[in-house]
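Architecture at a glance
What follows is each chain in one-letter form.
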Amino acid sequence: MKNQKIFIKKRTFDKRQGVGVLLPIMLFNLIRYCIEISFIILLIVISFFDLRTFKIPNELVIVLFSLAVIKLILNGSDLGNFIKHFLYTIIFTFLLIIIRKITYNGIGFGDIKLLSTTTLYYGIINSFFALFIASILGILFILCTKKKNQNFSVKLSFAPFICFGYGVVSLIKRVVV
């Protein structure tokens, strides 16, 4: 009987038990940070592709989409929350397509794909703010280049502005929250 009590006491104060609890939490957070860093790096790579070719590769958008889905799963989203995020993404995509029609192809389908995927990752409210910041920066860029060229029709790579908009929104979110 005494041996069992001693065994129980040793087991409750075992230092390895704390490591067994903390290690999965640390690995989980490491995976989340790796996904976030990968997402940011892919946004920057997509920006460079858009600057050079005025196209956004579908393969990179698919990888971004996959990372967004993995992030939703890791955040513990239940089926209802998962469906809600997808519905918000679909609504935002339709709004962007309407904007494309109204502005006579003012925004490209690559930019729509990029914004839709980032909406799934960052959420619809952050996407509206990022789109607003990207649009203001894009307009300022066009106005600056218009003075130099005196040409109103300027072809614009919008992905760098989108990337910057999400960067600003992420920084504001981290500082405020």
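The rules we used
- Residues numbered from 1 in each chain as written.
- Predicted model: local features only at pLDDT ≥ 70, side-chain atom pairs only at ≥ 80, totals over all residues.
- Heavy atoms only, no water.
- Patch = residues over 30% accessible without salt bridge, like charges linked within 9 Å, V, L, I, M, F, W, Y side chains within 5 Å.
- Areas by Shrake-Rupley, 256 points an atom, 1.4 Å probe, with all protein chains shown as cover.
- Salt bridge = Lys/Arg side-chain N within 4 Å of Asp/Glu carboxyl O.
- Helix = DSSP H or I, 4+ residues; strand = E, 2+ residues; numbered from the N terminus.
- Buried < 20%, exposed > 50% of the residue type's maximum accessible area, 1.4 Å probe, protein only.
- Contact = heavy atoms within 4.5 Å.
- Core = buried A, V, L, I, M, F, W, Y, C linked by side-chain atoms within 4.5 Å.
- pLDDT = per-residue confidence, 0-100.
- Expected span 1.5 Å × (residues − 1).

Attention now goes to a nonpolar patch on the surface. Together, L22, L23, I25, M26, L27 and L30 make up a nonpolar patch on the protein surface, roughly 580 Å² of accessible area in all. Relative to the helices and strands, M26 resides in helix α2 (residues 15-53).

Right, let's get into the environment of L74. Examined against the element boundaries, L74 turns out to sit in helix α3 (residues 58-74). Overall, L74 belongs to the partly exposed group, its relative accessible area being 23%. Between the C-alpha atoms of L74 and R32, which are 42 residues apart in sequence, the distance is 7.5 Å. Setting aside residues no more than four positions away along its own chain, L74 makes contact with F28, I31, R32 and I35.

With that out of the way, let us pick up the nonpolar core. Counting residues in hydrophobic clusters, the biggest one holds 35 residues, and the most contacted among them are L114 and L115. Looking at this core, the elements with two or more residues in it are α2, α3, α4 (79-102), α5 (109-122), α6 (124-149) and α7 (159-176). The element contributing the most residues to this core is α3, with seven residues. Non-local contacts of L114, meaning those with residues more than four positions away in its chain, are made with L43, I46, I56, L64, A159 and I162.

Averaged over all residues, the pLDDT of the protein is 85; the fraction at 70 or higher stands at 84%. Counting contacts from residues 3-11, a segment whose pLDDT is below 50, to residues more than four positions away or on other chains yields one contact.

Our focus in this paragraph is α3. With 17 residues, α3 should reach 24 Å at 1.5 Å per residue; the first-to-last C-alpha distance of 24 Å fits that figure. Three or more residues of α3 are buried, namely L60, V61, L64, L67, A68, V69 and L72. The first or second residue beyond α3 is G76, which carries a positive phi of 75°.

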